[in-house]
Each structure stands twice: as C-alpha cells, then as structure tokens.
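Tertiary structure, described
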Amino acid sequence: MTTIGPAQDTRVTRRSGISRGTTPARALPLVPAGGLLLVFLAGPIVWALYGSLTDRALSGARAADPQFIGLDNFARLFADPVLPLSIGITVAFVVGSAIIGQNVLGLVLAVLFRVGSRAVTGIVGVLVVTAWVLPEIVAAFIGYAFLSADGTLNAMLAGVGIAGPNWLYAFPLVAIIIANTWRGTAFSMMIYRAALDDVPLEVIESSMIDGAGAWQRLRLITLPMIRPTIFTNLMLTTLQTLSVFTLIWVMTKGGPGNLSSTLPVLAYTEAFQFGDIGYGNAIAVVMLVLGAVFSIGYVLSLRAGGSRT
Amino acid sequence: MSVRAPSVAAPTRAATRLWANLVLLVIGLVFALPLAWVVLAAFDSAASYQVKIPTAPTLQNFADVLTPQLTLRPLLSSLLLSTGAAVVTVVVAVLAAYPLSRYRSRFNGPFLYGVLFASCLPITAIMVPVYSLFVQLRLINQPWAVVLFLAASSLPMALWMTKNFMDSVPVSLEEAAWVDGASAMTALRRIVVPLMRPAISVVFVFVFLQAWGNFFVPFVLLYSPDWQPAAVSIYAFFGQYGTVAYGRLAAYSLVYSLPVLGLYLLVTRGLGGSFALAGAVKG
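First, a word on what this report is: a plain description of the structure on this page. Treat the numbers as computed from the prediction; the structure is a model and nothing was measured.

Moving on: the packing of aromatic side chains. This model, assessed by the stated rule, comprises 31 aromatic pairs over all chains. Centroid distance Phe141 of chain A to Phe238 of chain B: 4.5 Å. Interplanar angle 45°. Geometry classified as tilted. Residue Phe141 of chain A is found in helix α7 (residues 136–147), and its partner Phe238 of chain B is found in helix α11 (residues 230–241); the two belong to separate chains. Taking relative accessible area as the criterion, Phe141 of chain A reaches 1% and is therefore assigned buried. Measuring from centroid to centroid gives 5.8 Å for Trp37 of chain B and Tyr49 of chain B, while their planes differ by 55°, and the two rings are tilted.

Structure representation (structure tokens):
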C-alpha cells in the first residue's frame, strides 16, 4: 500500500452553470498542499543540488562556513571506485529482489492462487501479507535472526548435514536480496492477483476449447493481457527497492567493507559517519536522477495506458 | 474470491490443484518460518535466533520490555508523530483534492502528474539534504517539523488517492447546496467529506501506518531521546542488547508491530479489502 497510480486522471467533472467566484479563490485550498510540497520535498531537492556543490561537513569549521567548490564533489565521486561498486550493488539488489524476486514470486503466487484450494490460498496469502505489513525495522530484525550464523536457516542446513556460513558476512548481498524479497512480495502478489481477476473468462474458455494447455494459456493469453500491469509493477517495485535503507542498515550496515552498500546506505555513511555532507549530497543527486528516470517511465506508462493501469 | 476457470477436464484439474497446493504450502512455510521466530522467541525465556518451541512459555520478556522508558514513552511518541502526520496529510489532501476534482483547469493535469512524479522519488535520497535543510532552518530535533516532513512525504500519494475517491462523489449533490447559497468550502465540509468518510479513513490509516513504521526519518531528524519513536528506540535496544536479549527483542518487536497488524486488518476487513487498494491502484 505504498505506491500507487492514477486511473481516471482526466475524468471530466461537470461544472455547474453558476459562476463560482474567480479562479484564484478556487485555487486557495491548494495552498497548504503546495506549501508542504515546496518546503519539504522541492526544497530538499534544490538543497541537494546546491549542497552537492559545497564542501559542507557535519561538524567543525566547514559545517559553520561551507565553501562553494563547484563540481569537485562529483569529480571525486566519479573517480571514486566506491561509486561503480555501489551502483553495481544497487542494480543487483533491485534486479535480484524486486525484478526477479518480488515480481516473479508474486506472479507465481497469483497464478497458483487461481488453482489452489481456498483454505491453502487463504493461509499462504495471510503469511505473505504479514511479512509486508510489519514495520520495516522488525522485518529487518527477523531477516537478521533468520540469516545470522546461529539463525534458523543454518539450523535447518545443519539438520541435513551442511554447515552454513554467516550469510550476513559471507554473502551480504544475497542476504539482503532474500530479506527484501521476503518482505516485498506481497505487493506484487496483490497487484497481479487483481490483474488476473480482470482477465475475461470468455477468452480463457475459448482458448481451452481450442485445446490450449495450462502453460500455453498462461504464456500466450494471460501474460500478454496483463502486460501493462507487469510493466507498471516493475517500475513501482524498482522505485521502492531503490529507496530501501532500514532493512540493509539493520542487517549488514552496508558491510562488510562496502559489499552491501546500496546508494542510500552509501549516502548515509558518507554524510553521517564520515561527516561529509557535501559528498553525501552529491550521491543524493545521483540517486535522484536515477529515481527520476524510473518515475518518468512510470508516469509515461500510466499516461499511455490510460485508465488501464 | 477469484473466479475459477471452468473445469473441462476434471481429473487433470484435480492433479493440478494438488500440485498448486503443494507448491503454495512450501512457499507458505518459507514465509512462515522467519515470522515464527518473532512470535515464539517472544514467549521463550531461553530464546536464540533459531525458531524453536519454548520449553517453558513465559510472559517475562514482555514484562521486561514494557517499562516506561523502554517502550511506553517511545510508543507514545510514535502515536503522536503518526497521528499528527496523518491528520495534517488528510486535511491538506482533502482541501487540495477539492479544486482538482471539481474544477476543470489546464493546470490540473500537470499538477497531478507532478505530484505523482514526486511520490515516486526515492525518499531516502533526500534524507541528507533534508538534514542540511533542517539544520539550516533550525528545525532539527523539533517533533512538529518531523510531523510536517512525514506529512509532506505521504502527501503526494494521499492526494492522488483522495482525488480519485472524490471523483466518485457525484457533483450534483453539491449543486443543490450551491443553489441554496452554500460556498464551495461549506459544500466540501457538509456534503463531500461526510460522503467520503470511508475513503478518508483509508487514507488516514495509510499515512498513519507509513509514519508508524518509519525508522529513517526520525533516526536522522530527532536525536533527543525524549521524542524518539519506537522504531528508533527498538534500534538502540538492538544495538545494545539485541545479540544477547533475543527474547526481549522479539517481544519488543511484537508489541511495536501489533498496532500495525490490527489497523491493517481493520482497513481490509472493516472497510472492504479491495476498496483500500481500489482508490489507489485502479481508481
């Protein structure tokens, strides 16, 4: 229930014939919303652009009197080997947990729900949704407990004679991908479930009469019909996953080394651990650009799809 | 419930269903195991990070964490911050949705798409600049400013949902009021808002839940222990004792999560499951 989209965006609202005051007065109720968005969302974005051009620090002289240093932060950032590493980790995290993990698992669950019996469907649905409803920090503790050296996973592996590693140190990226898939699949599952319910029954019936098997029906009929939903959901889960911080921070703190530092974690570390606010702002700008690209893709897909989101 | 495909070949269908159930149960088990830890460990005096049935179930962990400074005051902070954010967001969103829903203007489209675009930007990306901005404006460690920021970050989504819900309230009802001389704001307060009560509660709960579960925002913007919400205090507890006091960590997690689970249940059951998502996803 985090992210969502419009639908009938330009529904024509019938207006009464009565003249209802001048236009500026009508726009008055928009002022509080506009003010909040300007100060607390647009403000920080502008501030990020400006701050990234300074050498502002968390404390000390450069905190009180930061200097304008032009594009130095960006020059340093793009020369820093940690940036490509972090972008690579971010991409792997998004592809692994959002695009493959949440979307594929969510779709598989939604498809199986149509075949499975009611009781099983109900129980599994509640379990998956519970993981999603829990506060992120609790999900992170649960992931930490499950994957730590003396956690449940290793206890189970020991049961079949395998000595599991400490997943959080040996395979930090895998650990956070598993945890984020566990946490986020419910969203995709619910979206795909609604989309599959909207596929007209007649189409499926007629394809069955034509002798199509279950797999053929899914591949040739159902998936193409829900393609707009798939695209939208990929965009949304990607954007959500791009901004995951708490889960990673609690489970691995971005470590060991920087081996699980996605961009949000890197920005936090540089700004607040190393106290380099200007450099952290430069990373924030990179992240905003990345997010903006996906947001534009998402908004365009909605406009193109009209009300069929 | 979902519509089932018509059964044409019954025997194969039964086999398919069996397999589907089997795979579903395996996936369900994988999802249940980590959850089981938090529930079982909370009642276990000798809890570890492994899932195991407590040999002597106890409420001692809860008794240990339910102290004023460890949970009660942070939970009260969470409640105040989340309620504040939800109230501000709902009031502001309802006000803004009215002109967007009722008057045609060539600015509506760009404004709404701009808002939608903003709702997609990764909020964690702006935490470093938000911190700088808060320091600059002397808002750091001010609970009311955190409330406003939480409200602003939920506002784009809330505005979209409210606008879509408001579109489905027929404008003809207000026309009658207008004829009787009521102003637009009176019509909004007397006619539209009462009709939208279920939708407004969905938006309220939605913002409340987001704020309640938010860790990063108060973690960065509030350093005074007096105001830290449960999300931050549980993190501090984890850092200090988490690797020792497994049972208490689990109990604390459970206490902190229960309001969220309860509210979610309320929305999906009480207000209609698909309805909650409908205004958002399908509109």
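Phi is positive for Lys253 of chain A, close to 55°, though the residue is something other than glycine. Residue placement: Lys253 of chain A occurs in the loop between α14 (246–251) and α15 (263–273).

Let's shift gears to the interface of chain B and chain A. Contact with chain B, which involves 109 residues of that partner, is made by 109 residues of chain A. In total, about 10,000 Å² of surface goes out of reach between chain B and chain A, with carbon and sulfur atoms giving 76% of it. If you sort the residues of chain B by the area they bury against chain A, Leu24, Phe31 and Tyr113 of chain B come out on top, with a joint share of 7%. Linking chain B to chain A there are zero salt bridges. Ranked by the residues each element gives to the side of chain B that touches chain A, the list is headed by helix α1 (residues 10–42) of chain B, at 17 residues. When its residues are assigned to classes, the side of chain B that touches chain A shows 80 nonpolar, 21 polar and eight charged.

The description of two helices packed together rests on the angle between their axes and the distance between the axes. Residues and elements named next belong to chain A. Relative to each other, helix α6 (residues 118–133) and helix α10 (residues 172–197) sit at 125°, their axes nearing to 6 Å. In terms of axis orientation, α6 runs oblique to α10. In this structure, α6 crosses over α10, and the sense of that crossing is left-handed. Packed against α6, whose contacting residues are Thr121, Gly125, Val128, Val129, Ala131 and Trp132, the element α10 presents Trp182, Arg183, Gly184, Thr185, Ala186, Phe187, Met189, Met190 and Arg193 at the interface. Among the residues making up the contact of α6 with α10, the classes are represented as nine nonpolar, four polar and two charged.

Conventions adopted
Residues numbered from 1 in each chain as written. Chains lettered and ligands numbered in written order. Predicted model: local features only at pLDDT ≥ 70, side-chain atom pairs only at ≥ 80, totals over all residues. Heavy atoms only, no water. Phe/Tyr/Trp six-rings, centres within 6.5 Å; stacked < 30°, edge-to-face > 60°. Helix = DSSP H or I, 4+ residues; strand = E, 2+ residues; numbered from the N terminus. Buried < 20%, exposed > 50% of the residue type's maximum accessible area, 1.4 Å probe, protein only. Contact = heavy atoms within 4.5 Å. Buried area = accessible area lost by both parts, 1.4 Å probe. Salt bridge = Lys/Arg side-chain N within 4 Å of Asp/Glu carboxyl O. Nonpolar A, V, L, I, M, F, W, Y, C, P; charged D, E, K, R; others polar. Axes fitted to C-alpha atoms, helices over the stretch in contact; angles between N-to-C directions. Parallel < 35°, antiparallel > 145°, perpendicular 65-115°, else oblique. Left-handed = near helix turned anticlockwise from the far one by under 90°.

Geometry only, nothing functional implied.
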